[in-house]
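Report on the structure
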Amino acid sequence: MKIMEMKYEGKAKKIFSTDVDDCSVMYFKDDATAFDGKKKGTIEEKGVFNNKIASEIFKYLEAGGIKTHFIERLSDREMAVKELEIIMVEVIVRNVAAGSFSKRMGIEEGTALKQTIVELSYKSDPLGDPMINDDYVFALGLATPEELTFMKEETLKVNKLMSDFFDARGIFLVDFKLEFGRHKGEILLGDEFTPDGCRLWDKKTGEKLDKDRFRRDLGNIEESYRDVMNRVLE
Ligand code: TMP
Ligand code: ASP
């Protein structure tokens, strides 16, 4: 397979087209940003860790009945994926209070919730991914009611699968963000599932093992990502 031109460069990944039909290459960078790109840095080897983590998780999710854009891991930093028309809605799940929810609601991080929260954001860097609701999605034509229902149902299935997966590895899945795309009349899970887009707390120590270490200058960032990778691959 030959890599052709770069189609898109995001904050943590690049997407290339290839000479194979319906196959793109996702390249994982070491770059990290937070607060809508206002904070920038690099996390050494993050691209390698995240590619391995995401590849393993996509395989696990596929085995659990979730259709994803994953084809195969090609190298340390490259993953072959199907070409998606990305839906500009981010689906976030919260299992306990943390992050922007804690800030917005004035509720301490780690506080239990009476039920799981599914939250939507408009995928727009310039606007800072504002929170939206179902009516915004339909009013703006971002997705149809059928598509959104499917995305929410898939997200809750992913929550069950990934909560069990991390629980078996001594990690509590606090919250995460998913992206979906259209592909040949179906909706597939896209993007990645890595410590860049979720919160992971060690069950024994409560230690944060995700991008909050970078956002909040907690140190040991590389070590935490490596720890997550080792546990994911175990
Ligand atoms: P939040 O608490 O900051 O709203 O984040 C909720 C979840 O979404 C958390 O697991 C981190 C993830 N996330 C992203 O993947 N990208 C983003 O731009 C933000 C703000 C959060
Ligand atoms: N990825 C987002 C940014 O670059 C925010 C975050 O993950 O905190 O700003």
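Read on for a plain summary of the structure. (Residues numbered from 1 in each chain as written. Chains lettered and ligands numbered in written order. Predicted model: local features only at pLDDT ≥ 70, side-chain atom pairs only at ≥ 80, totals over all residues. Heavy atoms only, no water.)

Observations regarding the overall build of the protein
The helix and strand inventory of the protein stands at six helices and 13 strands. Over its C-alpha trace the protein gives a radius of gyration of 17 Å, about what one expects of a compact globule, namely 17 Å for 234 residues. With respect to the three principal axes, the spread of C-alpha positions in the protein is 50 × 40 × 35 Å. Sequence separation of 24 or more characterises 56% of the internal contacts of the protein that already satisfy a separation of 6 or more. Each charge class in the protein can be summarised by its mean position, and for the 38 positive and 46 negative side chains these summaries are 2 Å apart. (Helix = DSSP H or I, 4+ residues; strand = E, 2+ residues; numbered from the N terminus. Rg over C-alpha atoms; globule rule 2.2 N^0.38 Å. Contact = heavy atoms within 4.5 Å. Lys, Arg positive; Asp, Glu negative; His and termini not counted. Charge placed at Lys NZ, Arg CZ, Asp CG, Glu CD.)

As for the site of ligand 1
Close to ligand 1 lie 13 residues; Arg94, Ser100, Asp175, Lys177 and Arg199 are nearest. Contact distances for ligand 1 include 2.9 Å between an oxygen atom and a side-chain N or O atom of Arg94. Within the contact set of ligand 1, an oxygen atom lies 2.9 Å away from a side-chain nitrogen or oxygen of Arg199. Isolated, ligand 1 exposes 450 Å² of accessible area, and the fraction of that covered by the protein chains is 78%. (Near = heavy atom within 4 Å. Polar contact = N/O pair within 3.5 Å; in protein donor to acceptor, adjacent residues only side chain to side chain. Areas by Shrake-Rupley, 256 points an atom, 1.4 Å probe, with all protein chains shown as cover.)

So, helix H4 (residues 145-167)
With 23 residues, H4 should cover 33 Å at 1.5 Å per step; its first-to-last C-alpha distance of 33 Å lies within 8% of that length. Among the residues making up H4, those that are buried are Glu147, Leu148, Met151, Glu154, Thr155, Val158, Asn159, Leu161, Met162, Phe165 and Phe166. (Expected span 1.5 Å × (residues − 1). Buried < 20%, exposed > 50% of the residue type's maximum accessible area, 1.4 Å probe, protein only.)

Quick notes on the pattern of salt bridges
A full pass over the atoms with the stated rule returns 33 salt bridges. Note that Glu85 and Arg182 form a salt bridge whose closest N and O atoms lie 2.8 Å from each other. In this pair, Glu85 is assigned in strand S8 (residues 85-96) and Arg182 in strand S11 (residues 171-183), connecting sequence segments 97 residues apart. On the basis of relative accessible area, Glu85 is assigned to the partly exposed category, the value being 47%. For the salt bridge of Glu119 with Arg94, the shortest nitrogen-to-oxygen distance reads 2.8 Å. (Salt bridge = Lys/Arg side-chain N within 4 Å of Asp/Glu carboxyl O.)

Quick notes on a nonpolar patch on the surface
Among the surface-exposed residues, Met1, Val20 and Leu74 lie close enough to one another that they form a single nonpolar patch of about 250 Å² accessible area. Tracing the sequence through the fold places Val20 in the loop between strand S2 (13-18) and strand S3 (24-28). (Patch = residues over 30% accessible without salt bridge, like charges linked within 9 Å, V, L, I, M, F, W, Y side chains within 5 Å.)

Regarding the sheet that holds S3
Strand order in the open sheet formed by five strands is S1-S2-S3-S7-S6, and the pairing between neighbours is antiparallel. Two strands bound the open sheet, and with one partner strand each, they are strand S1 (3-9) and strand S6 (70-73). Within the sheet, the average angular offset between the axes of one strand and its neighbour, ignoring direction, is 30°. Summarising the sheet, S2 and S3 pair through five bridges and their orientation is antiparallel. In the sheet register, Lys14 faces S3, and the bridge partner there is Tyr27. Of the strands in this sheet, S3, S6 and strand S7 (78-81) touch helix H1 (residues 46-63), which is tilted by about 130° from S6. (Pairing = 2+ DSSP bridges. Axes fitted to C-alpha atoms, helices over the stretch in contact; angles between N-to-C directions.)

Some words on unusual backbone geometry
Here Asp22, not a glycine, exhibits a phi torsion of approximately 60°, which is positive. Positionally, Asp22 belongs in the loop between S2 and S3. Residues other than glycine seldom take positive phi values, yet Phe35 does so here, at roughly 55°. On the secondary structure map, Phe35 appears in the loop between strand S4 (31-34) and strand S5 (39-42).

Focus: the nonpolar core
Ile57, Val158, Met162, Phe166 and Phe193 are the most contacted members of the largest nonpolar core, which has 49 residues in total. In terms of residue count, the dominant contributor to this core is H4 (seven residues). Leaving out residues up to four positions away in the same chain, Ile57 has contacts with Met162, Phe165, Phe166, Phe193 and Val232. (Core = buried A, V, L, I, M, F, W, Y, C linked by side-chain atoms within 4.5 Å.)

With respect to the environment of Met26
Relative to the elements of secondary structure, Met26 occurs in strand S3. Residues Met26 and Lys177 lie 151 residues apart in sequence; the distance between their C-alpha atoms is 18 Å. The contacts of Met26, once residues within four sequence positions are left out, are Lys13, Lys14, Ile15, His69, Arg77, Glu78, Met79, Val81 and Asp191.

Examining the site of ligand 2
Near ligand 2 the following residues occur: Lys11, Thr33, Ala34, Phe35, Asp36, Gly37, Lys211 and Arg215. Residue Gly37 places a main-chain N or O atom 2.8 Å away from an oxygen atom belonging to ligand 2. Note that an oxygen atom of ligand 2 is positioned 2.6 Å from one of the side-chain N or O atoms of Arg215. Burial of ligand 2 by the protein amounts to 78% of the accessible area it has alone, namely 270 Å². The residue inventory of the shell around ligand 2, partitioned by class, reads two nonpolar, two polar and four charged. (Nonpolar A, V, L, I, M, F, W, Y, C, P; charged D, E, K, R; others polar.)

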